[in-house]
Amino acid sequence: MTEGSVRKAVFPVAGLGTRFLPATKAIPKELLPVLDRPVLQWVVEEAREAGIEEFIFVTARGKEAIADHFDAHPPLEETLATKGKDALLAAVRAASIPAGKAVFVRQDAPKGLGHAIACAREAVGDEPFAVLLPDMLMRARPGCLAGMMRLHERTGGGIIAVEQVPREEVFKYGVVALDESSGEAMRITGMVEKPPVEEAPSDFIISGRYILPAEIFSHLEQTAPGAGGEIQITDAMQRAIDAGEPYHAYHFTGETYDCGGKTGFLMANIAFGLADAEIREDLAAFMRGMLPE
Ligand code: UTP
């Protein structure tokens with residue numbers, strides 16, 4: 001079992017973003033903005049806050065703008081400095097990932113989340129790593145991954161962020177089975193993708209953040225395409241659990257917005273807008289005006 005601190009994070013950004021077409025025809029869905037920055041930047045900030053030092057993006061054709069976004073931009077920075085736009089300059093600089101700390105690997109075709117993670121194998125090496133699904137904007141203080149890191153220090157092994165949902169909604173998600181007797185750090189005994197409500201093992205769903213031991217790569221190698229002909233990370237994690245590797249659930253209780261779809265994306269913009277001191281009043285007044293008397 002590989003242990004030690006988690007220094008690297010993988011961001012799978014090679015999906016087609018079909019739920020957001022035609023917006024995502026030329027623009028990666030991960031770069032659509034929530035308030036004043038791309039969804040992906042919020043998620044990178046969550047990773048940075050949790051202590052991540054190296055950022056591995058699994059990308060695809062047409063996603064080149066992602067690398068540009070996280071690069072330094074000397075001409076823009078110079079112009080902002082000359083004009084004395086200090087706040088904007090600081091915001092632009094804060095978006096950059098330090099030289100040498102962003103790694104981009106390609107997934108040749110959208111063969112599933114499990115396949116995307118397997119593409120990061122060489123960049124990750126033989127150490128535990130985090131995976132953050134950039135569609136999922138998860139808001140909490142401290143952030144979701146920071147909380148998972150604390151749990152990982154205690155338990156080691158794999159950590160999966162889970163959220164409790166009304167039982168009638170579980171059929172839309174990956175659902176975990178938990179060892180109820182295992183106390184606060186809930187041990188995961190299994191997982192199933194999109195189960196019928198009556199067969200779901202719990203009402204805890206997998207919500208888009210993982211800490212995975214490097215052993216997951218050998219399980220992925222042996223995982224055949226599953227639902228939708230895609231290589232599923234849940235199938236590989238199930239193999240790891242069946243082999244006796246410890247996986248624990250981190251119960252996330254903050255807000256989650258699925259920005260890969262229109263409803264979640266608009267909700268995120270409203271929530272982040274209402275939390276922003278500069279625009280809160282105008283946005284709230286507009287929303288009150290839109291509601292029927
Ligand atoms: P999604 O299924 O939500 O992304 O995968 P998608 O395929 O882009 O979405 P739609 O349904 O077509 O709109 C979750 C995450 O995994 C990545 C996606 O980019 C997304 O961030 N992913 C998915 C990959 O990197 N490669 C894949 O083969 C599949």
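Residues numbered from 1 in each chain as written. Predicted model: local features only at pLDDT ≥ 70, side-chain atom pairs only at ≥ 80, totals over all residues. Heavy atoms only, no water.

(A) How the structure looks around the packing of aromatic side chains. The full count for this structure, using the stated rule, is eight aromatic pairs. Summarising the aromatic geometry, the rings of F57 and F70 are spaced 5.4 Å apart at their centres and angled 20 degrees between planes, so their arrangement reads as stacked. Linking F57 in strand 4 (residues 54-59) with F70 in the loop between helix 2 (64-69) and helix 3 (74-82), this pair joins segments that are 13 residues apart in sequence. Judged on exposure class, the residue F57 and its partner F70 are both buried. What links up through ring pairs into an aromatic cluster is the set F11, F55, F57, F70 and F104. (Phe/Tyr/Trp six-rings, centres within 6.5 Å; stacked < 30°, edge-to-face > 60°. Helix = DSSP H or I, 4+ residues; strand = E, 2+ residues; numbered from the N terminus. Buried < 20%, exposed > 50% of the residue type's maximum accessible area, 1.4 Å probe, protein only.)

(B) How the structure looks around the site of the ligand. Residues in close proximity to the ligand total 18 residues, the closest being G17, T18, R19, Q107 and G112. In the environment of the ligand, an oxygen atom lies 2.7 Å from a nitrogen or oxygen atom belonging to the backbone of G112. Put simply, the ligand lies in the largest pocket. (Near = heavy atom within 4 Å. Polar contact = N/O pair within 3.5 Å; in protein donor to acceptor, adjacent residues only side chain to side chain. 1 Å grid on protein atoms, 1.4 Å probe; cavity = no way out; pocket = protein on both sides within 12 Å on 5 of 7 lines; lining within 4 Å. Sits in = over half its atoms within 2 Å of the grid points.)

(C) Fine view of the packing of helix 10 (residues 262-274) against helix 11 (residues 280-290). Look at helix 10 against helix 11: their axes get within 8 Å of each other, and the N-to-C directions meet at 130 degrees. When the axis of helix 10 is compared with that of helix 11, the two are oblique. Of the residues in helix 11, those touching helix 10 at I270, G273 and L274 are R280, L283, A284 and M287. Partitioned by chemical class, the residues of the contact of helix 10 with helix 11 number five nonpolar, one polar and one charged. (Axes fitted to C-alpha atoms, helices over the stretch in contact; angles between N-to-C directions. Parallel < 35°, antiparallel > 145°, perpendicular 65-115°, else oblique. Contact = heavy atoms within 4.5 Å. Nonpolar A, V, L, I, M, F, W, Y, C, P; charged D, E, K, R; others polar.)

(D) Molecular detail of the pairing of strand 10 (residues 186-193). Relative to strand 10, strand 9 (residues 174-179) runs antiparallel, the two being bridged by six bridges. Across the sheet, residue L178 finds its bridge partner in strand 10, namely I188. Bridge analysis of strand 10 against strand 12 (residues 247-251) gives two bridges, and the strand direction is antiparallel. Of the residues in strand 12, the one forming a bridge with R187 is H248. (Pairing = 2+ DSSP bridges.)

(E) Main features of the layout of surface pockets. Size it by volume and the largest pocket reaches roughly 1,500 Å³. Considering each element in turn, the lining of the largest pocket owes the most residues, five residues, to strand 11 (residues 204-212). Tallied by class, the residues present in the lining of the largest pocket amount to 20 nonpolar, 15 polar and 10 charged. Its boundaries defined by the atoms lining it, the second largest pocket holds a volume of some 430 Å³. W42, R139, A140, R141 and F272 are the residues nearest the centre of the second largest pocket, which is lined by 14 residues in total. For the lining of the second largest pocket, the elements supplying multiple residues, two or more each, are helix 1 (39-49) and strand 7 (136-139). (Points joined across faces, edges and corners; volume = space filled by probe spheres on them.)

(F) Fine view of the pattern of salt bridges. If you walk through the whole model with that rule in mind, you get 15 salt bridges. Salt-bridge contacts for E46 lead to R209; the nearest nitrogen and oxygen are separated by 2.9 Å. Here R209 lies in strand 11 and E46 lies in helix 1, a separation of 163 residues in the sequence. According to the relative accessible area criterion, R209 is buried, its value standing at 0%. Among the salt bridges present, the one from R106 reaches E64, with a minimum N-O distance of 3.1 Å. Residue R106 is located in strand 5 (residues 102-106), and its partner E64 is located in helix 2; the two are separated by 42 residues in the primary sequence. Residue classification places R106 among the partly exposed positions, given a relative accessible area of 47%. Assessed through its relative accessible area of 43%, E64 is described here as partly exposed. (Salt bridge = Lys/Arg side-chain N within 4 Å of Asp/Glu carboxyl O.)

(G) Local environment of unusual backbone geometry. Cis geometry is found at the peptide bond from L21 to P22, where omega equals 5 degrees. One can find P22 in the loop between strand 1 (8-12) and strand 2 (33-34). Following R141, the chain continues to P142 via a peptide bond in cis, the omega torsion being -5 degrees. Despite not being glycine, L35 has its phi angle at roughly 60 degrees, a positive value. Residue position: L35 is located in the loop between strand 2 and strand 3 (37-38). In this structure, K194 takes a positive phi of about 40 degrees despite not being glycine. Tracing the chain through its elements places K194 in the loop between strand 10 and strand 11. The class for K194 is exposed, based on a relative accessible area of 54%.

Remember, this is a structural readout, not a statement about activity or role.
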